[in-house]
Amino acid sequence: MSNLTCSPAPCSRSWSISEDSLRRYVFYASENCIQELLSASDSQSGNDGWKILGINNGVEISKRCSGSLHTFRSRWLLKSVSPEQFITVANAIDAARQWDRDLVEARYIKDLEDNLSIIRLRFGDNSKPLFRNREFIVYERRETMDDGTLVVAVASLPKEIAAGLHPKQNNAIRGLLLQSGWVVEKLDHHSCMVTYVVQLDPAGWLPKCFVNRFNTKLVMIIDNLKKQAVLSSPTNSDDSA
């Protein structure tokens, strides 16, 4: 009977990870994500596998395929919006609200550094089919490059680590956001170029029939966040005086 006390351990599918190990893992993973985002936003590097799908209201939508994975990119010149203005609202929680207004829960689980956090996003049964009953445990890291370019990198933690930090509740599907983030380049005249890149797990999240609808979302998400950025800086005209 005494060996029954050890039975729960082998059944666990979560990883017990120390705070220091978690910090090292997320820092390394987010560093790779930042470099991928910067590479994807570099318009000087040639085509690099990107196929332009269309231009909608000044937003260029591109797609790149790598096996079964689809990476989408949207680029938009925002006039009279500074990088600092835009980046204040371009975070995992604000972005998730643009995907689905029926977001059930969005909260910070843990801050690893001033610019490195773990976040839980959960969508309920009433959400749109693309997000219905899905849960994401993601990291969010923000960095400013030497030239002033601002980067926000967001991606899911491995499911084993996510389970250790926050056990899955009810019948939620733990989705995978393989790579996501913003690159905001500073331009003259208080403007910026915004590039948004997202790579999805098609088996876990994005059926191919949603691709065209997703392209429309890429336009709307930047437009909505741009409006938030303008509204969040009512003293902008005073600063420029």
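Residues numbered from 1 in each chain as written. Predicted model: local features only at pLDDT ≥ 70, side-chain atom pairs only at ≥ 80, totals over all residues. Heavy atoms only, no water.

The protein chain carries the name START domain-containing protein in an unreviewed UniProt entry, which gives Anisodus acutangulus as its organism.

**What about the overall build of the protein chain?**
Counted only if it meets this: Helical segments are the DSSP runs of H or I of at least four residues, strand segments are the runs of E of at least two, and each set is numbered from the N terminus. For the exposure calls, accessible area comes from a 1.4 Å probe over protein chains only, and a residue counts as buried if that area is under 20% of its type's maximum, exposed if over 50%, partly exposed in between. In this analysis, two residues are considered to be in contact whenever any of their non-hydrogen atoms come within 4.5 Å of each other. Note on areas: Shrake-Rupley, 1.4 Å probe, and residue coverage restricted to the protein chains presented here.
Helices and strands together make up the secondary structure of the protein chain, namely seven helices and 10 strands. Looking at the protein chain residue by residue over its 241 residues, the buried ones come to 45%. Considering only contacts within the protein chain whose residues lie at least 6 apart along the sequence, 60% involve residues at least 24 apart. Accessible surface, the protein chain as shown: approximately 12700 Å² in total, 50% of it carbon and sulfur.

**A few points about unusual backbone geometry**
Of note, Ser-80 is a non-glycine position whose phi angle comes to about 65°, a positive value. Among the structural elements, Ser-80 can be located in the loop between strand S3 (69-78) and helix H3 (83-87). Here the phi dihedral of Asn-133 falls at roughly 60°; this positive angle occurs in a residue that is not glycine. Along the chain, Asn-133 falls in the loop between strand S5 (116-123) and strand S6 (134-144).

**Examining the pattern of salt bridges**
Quick reminder of the rule: Salt bridge, as used here: a side-chain nitrogen of Lys or Arg that lies within 4 Å of a carboxyl oxygen of Asp or Glu.
Per the counting criterion, the structure on display carries 16 salt bridges. With a shortest N-O distance of 2.9 Å, Arg-141 and Glu-31 are connected by a salt bridge. On the criterion of sequence distance, the pair formed by Arg-141 in strand S6 and Glu-31 in helix H2 (residues 19-41) is long-range, its members being 110 residues apart. For Glu-31, a relative accessible area of 29% gives the class partly exposed. The salt bridge involving Arg-120 is made with Glu-105; its shortest N-O contact spans 2.6 Å. Remark: Glu-105 occurs in strand S4 (residues 103-113) and Arg-120 occurs in strand S5; sequence separation between them is 15 residues.

**Quick word on the environment of Met-145**
Position of Met-145 relative to the elements: it lies in the loop between S6 and strand S7 (150-156). Setting aside its immediate chain neighbours within four residues, Met-145 contacts Ile-34, Leu-38 and Val-151.

**Overview of the nonpolar core**
It is characteristic of soluble globular proteins that their nonpolar side chains tend to be buried jointly. Put simply, the rule reads: For this analysis, a nonpolar core means a set of buried residues of the types Ala, Val, Leu, Ile, Met, Phe, Trp, Tyr and Cys, connected via side-chain atoms within 4.5 Å.
Counting residues in hydrophobic clusters, the biggest one holds 41 residues, and the most contacted among them are Phe-86, Trp-182 and Ile-222. When residues in this core are grouped by element, the largest group, seven residues, is from helix H6 (residues 211-231). In this structure Phe-86 touches Leu-78, Val-81, Trp-182, Val-184, Val-194, Ile-222, Leu-225, Lys-226 and Ala-229, once residues within four positions along its chain are discounted. Counting residues in each nonpolar core, the second largest holds 21 residues, with Leu-37, Leu-112, Leu-116 and Ala-155 among its members.

**Focus: the environment of Gln-98**
As for its placement among the helices and strands, Gln-98 is situated in helix H4 (residues 92-99). Expressed as a C-alpha distance, the spacing of Gln-98 and Lys-217, which sit 119 residues apart in the sequence, is 8.5 Å. The residues touching Gln-98, leaving out its near neighbours within four places in the chain, are Lys-217, Ile-221, Asn-224, Leu-225 and Gln-228.

**Overview of the pairing of strand S10 (residues 191-200)**
Note the following rule: By the convention used here, strands pair only if DSSP detects at least 2 bridges between them.
Of all the 10 residues making up S10, nine are buried; the element is thus mostly covered by neighbouring parts of the structure. Bridge analysis of S3 against S10 gives nine bridges, and the strand direction is antiparallel. In the sheet register, Trp-76 faces S10, and the bridge partner there is Val-194. Where strand S9 (residues 177-187) meets S10, 10 bridges bridge the pair, whose relative direction is antiparallel. Each bridged residue has a counterpart across the sheet, and for Gly-181 the counterpart in S10 is Val-197. In textbook terms, the turn of a hairpin is the stretch between consecutive antiparallel strands, and for S9 and S10 this stretch comprises three residues, one of which, His-189, has a positive phi near 60°.

**Section: the packing of aromatic side chains**
Two descriptors summarise a pair of aromatic rings, namely the distance from one centre to the other and the angle between the planes of the rings. This is how the line gets drawn: To pair, rings of Phe, Tyr and Trp, with the six-membered ring standing in for Trp, must have centres within 6.5 Å; the planes then decide the type, stacked if under 30 degrees apart, edge-to-face if over 60, and tilted in the middle.
For the structure shown, the criterion picks out four aromatic pairs. A centroid spacing of 5.2 Å and a plane angle of 70° characterise the contact between Phe-86 and Trp-182, whose relative ring orientation is edge-to-face. One end of the pair, Phe-86, is in helix H3; the other, Trp-182, is in strand S9, with 96 residues separating them in the sequence. On the basis of relative accessible area, Trp-182 is assigned to the buried category, the value being 2%.

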